[in-house]
Amino acid sequence: MSTVSVSALPEGVAERLAAFAEWTGTPLFPAEKVLFDQGGEDGHTFSDEFLTYVQRVGMSLDWVYLGDAMPLVMRAYNAAQEVRE
């Protein structure tokens, strides 16, 4: 497998990685290491290093890769609902 250019990432990924590092004080994960090229028809996939980092620091994969805040909103909403019950 080989690394994939940062230009292959969705818009805003590098900025969200930087924001997360700043907000949490965790090390900045290099954007150029997010994806690997599997070759052939499979194309790009997340690198094992990136997935390990995301899991270790508790980063939302939906948020960092897609900019999708919905999982974060729903997690907070569901937690609030559980408190009420």
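Residues numbered from 1 in each chain as written. Predicted model: local features only at pLDDT ≥ 70, side-chain atom pairs only at ≥ 80, totals over all residues. Heavy atoms only, no water.

A. Highlighting the overall build of the chain. Per the secondary structure count, the chain includes four helices and three strands. Listed by position from the N terminus, the elements making up the chain come as β-α-β-β-α-α-α. For the chain, buried positions account for 28% of its 85 residues. Residue pairs in contact within the chain that sit at least 24 positions apart in sequence constitute 49% of those at least 6 positions apart. (Helix = DSSP H or I, 4+ residues; strand = E, 2+ residues; numbered from the N terminus. Buried < 20%, exposed > 50% of the residue type's maximum accessible area, 1.4 Å probe, protein only. Contact = heavy atoms within 4.5 Å.)

B. A nonpolar patch on the surface, seen in detail. A contiguous nonpolar patch, built from Met70, Val73, Met74 and Tyr77 and spanning about 410 Å² of accessible area, is present on the exposed surface. By the secondary structure assignment, Met74 is in helix H4 (residues 70–84). Classification of Met74 as partly exposed rests on a relative accessible area of 34%. (Patch = residues over 30% accessible without salt bridge, like charges linked within 9 Å, V, L, I, M, F, W, Y side chains within 5 Å. Areas by Shrake-Rupley, 256 points an atom, 1.4 Å probe, with all protein chains shown as cover. Salt bridge = Lys/Arg side-chain N within 4 Å of Asp/Glu carboxyl O.)

C. Structural context of the side chain of Ser47. Structurally, the position occupied by Ser47 is in the loop between strand E3 (44–46) and helix H2 (48–57). Only 3.0 Å separates the side chain of Ser47 from the backbone nitrogen of Phe50, close enough to count as a polar contact. Contacts of Ser47, omitting those with residues within four sequence positions, involve Phe29, Lys33, Val34, Leu35 and Phe36. (Polar contact = N/O pair within 3.5 Å; in protein donor to acceptor, adjacent residues only side chain to side chain.)

D. Broad picture of H2. Turning to H2, its buried residues number three or more, namely Phe50, Tyr53, Val54 and Val57. Angularly, the buried residues of H2 cover 100° about the axis, an arc narrow enough to put them on a single face. Facing away from the buried side of H2, by more than 90 degrees, are the exposed residues Asp48, Gln55 and Arg56. Taken together, the buried residues of H2 touch helix H1 (13–24), E3 and helix H3 (61–66). Immediately beyond the C-terminal end of H2, within one or two residues, lies Gly58, with a positive phi of roughly 80°. (Arc of directions from axis to C-beta.)

All we've got here are geometric facts, nothing functional implied.
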